[in-house]
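Listed below, chain by chain, are the residues.
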Amino acid sequence: KTRIWLDCDPGHDVSEHPNLELVGISTVHGNSSMDNVTSNALSLLTAIGKTDVPVYAGSRKPFMRPAVHAPDIHGDSGIDGTTLLPESKVAMKSGNTILAIYEAIMKTPFQTCAVVATGTLTNVALLFAAFPDVVGHIRCVSIMGGAFGGREDARGNITKWAEFNIYCDPESARSIFSNPELSGRITLVPLDLTHTVLATSDVLTALMTTSHPTTKLRKMLHDLLTFFSKTYAEVFNITAGPPLHDPLAVAATIPGNEIEWDMEEVQVEVVCHGEQIGQTIKTPRDQAHGGVRGEELGKGGAEPVTWVKVPRSVAVDS
Ligand code: BDR
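So, how was this worked out
- Residues numbered from 1 in each chain as written.
- Predicted model: local features only at pLDDT ≥ 70, side-chain atom pairs only at ≥ 80, totals over all residues.
- Axes fitted to C-alpha atoms, helices over the stretch in contact; angles between N-to-C directions.
- Helix = DSSP H or I, 4+ residues; strand = E, 2+ residues; numbered from the N terminus.
- Parallel < 35°, antiparallel > 145°, perpendicular 65-115°, else oblique.
- Left-handed = near helix turned anticlockwise from the far one by under 90°.
- Contact = placed C-beta atoms within 7 Å.
- Nonpolar A, V, L, I, M, F, W, Y, C, P; charged D, E, K, R; others polar.
- Expected span 1.5 Å × (residues − 1).
- Buried ≥ 20, exposed ≤ 12 C-beta atoms within 10 Å, placed from the backbone.
- Near = placed C-beta within 6 Å.
- Core = buried A, V, L, I, M, F, W, Y, C linked by C-beta atoms within 7 Å.

Some thoughts on the packing of helix H4 (residues 122–130) against helix H7 (residues 170–177)
Piece 1. In contact at an axis separation of 8 Å, H4 and H7 are set at 45 degrees when each is read in the N-to-C sense. The orientation of H4 relative to H7 falls into the category oblique. The crossing of H4 and H7 is left-handed. Between H4 and H7, the contacting residues are Thr122, Val124, Ala125, Phe128 and Ala129 on the first element and Ser172, Ser175 and Ile176 on the second.
Piece 2. Residues that form the contact of H4 with H7 fall into these classes: five nonpolar, three polar and no charged.

What about helix H1 (residues 34–47)?
Piece 1. For H1, spanning 14 residues, the distance from its first C-alpha to its last is 20 Å, which sits close to the expected 20 Å at 1.5 Å a residue.
Piece 2. The buried fraction of H1 is high, at eleven of 14 residues.
Piece 3. The inward-facing, buried residues of H1 contact strand S1 (2–8), strand S2 (20–27), strand S3 (55–57) and helix H10 (216–236).
Piece 4. One or two residues past the end of H1 sits Gly49, with phi positive at roughly 75 degrees.

Some words on the site of the ligand
Piece 1. Gly11, Met144, Glu163, Phe164 and His245 are the nearest of the 13 residues found near the ligand.
Piece 2. Listed by contribution, the elements that provide at least two residues to the shell around the ligand are helix H6 (164–168) and helix H11 (245–251).
Piece 3. A breakdown of the residues in the shell around the ligand according to their chemical character gives four nonpolar, six polar and three charged.

So, the nonpolar core
Piece 1. Judged by nonpolar contacts, the single largest core of 70 residues is most densely connected at Ile4, Val124 and Ile143.
Piece 2. Apart from the residues lying within four places of it in its own chain, the contact partners of Ile143 are Ala117, Leu121, Ile186, Thr187, Leu188, Val189 and Ala249.

Here's the deal with unusual backbone geometry
Piece 1. Cis geometry marks the peptide bond from Pro10 to Gly11, where omega comes out at -10 degrees.
Piece 2. For Gly11, the position within the fold is in the loop between S1 and S2.
Piece 3. Here Gln111, not a glycine, exhibits a phi torsion of approximately 50 degrees, which is positive.
Piece 4. Residue placement: Gln111 occurs in the loop between helix H3 (97–107) and strand S4 (113–117).
Piece 5. In this structure Gln111 comes out as exposed when scored by C-beta crowding, with 12 C-beta atoms within 10 Å.
Piece 6. The phi torsion at Asn237 lies on the positive side, around 60 degrees, for a residue other than glycine.

Pasting the structure below:
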């Protein structure tokens, strides 16, 4: 099983996989308010029968700016579009969220737990800053965020430069992408990739076909993805289906040959001021003179480098 701590802001692009061991969930401001995303996370866990997973409410806002939400994409509740989301059967946990994440991860065997961040990066940046020893203890961190402008329809989705998760808290993002202790263990799943993996109408139909018993859960997922399709078409004029942003960041942590990733290693800078705030800029290894020199001369006082894996494409072995 792949062991993960999920930091999230649900959100329509929810994920679940039979091979996942969810150590815990923390919620973060983003798609909707903290109260909404936390109640959505609790209800979703009830819907998939995983009521034993602890849920902690994290940061309500970034520490340097006000919170931004996305009701135009996810509705006022953060997960509009279905009447089938159950009332939560579990309560959220109390206590200090960042400390709880730290303690839970440190209980897992060395380098076996991945941190998956599918919302803004405030909690994860706080975790790494407050408890630097957790950075060495985790297996990797997989983040949904960023846009590198490789596709015309994926330059940015909150401004023409910036992807939403990074835009909402660029300073936290920068602190992660510039942490050399994480070098080689960060995966960043940007819009350039997620816009190639869509919940098309065929996917929606397959969810409801008679060859599968149509359970309430399938119907609920169908409702949610249908709502997400509509907002994507209205707001972005993308009519082929909504991107499966967040599940891809989870999938990137699952080892094995079922999914084939073509990754490049890059350095990532985050714009933290001005009109282009939240923009992510990548420098590939072969162009990163400073980086290569830094790595070679590491001990000679050169800047340490943080290499980030960015998938260029993904294919599923069917
Ligand atoms: C990101 O923002 C939200 O709409 C999605 O959940 C995803 O995490 C895409 O920019």
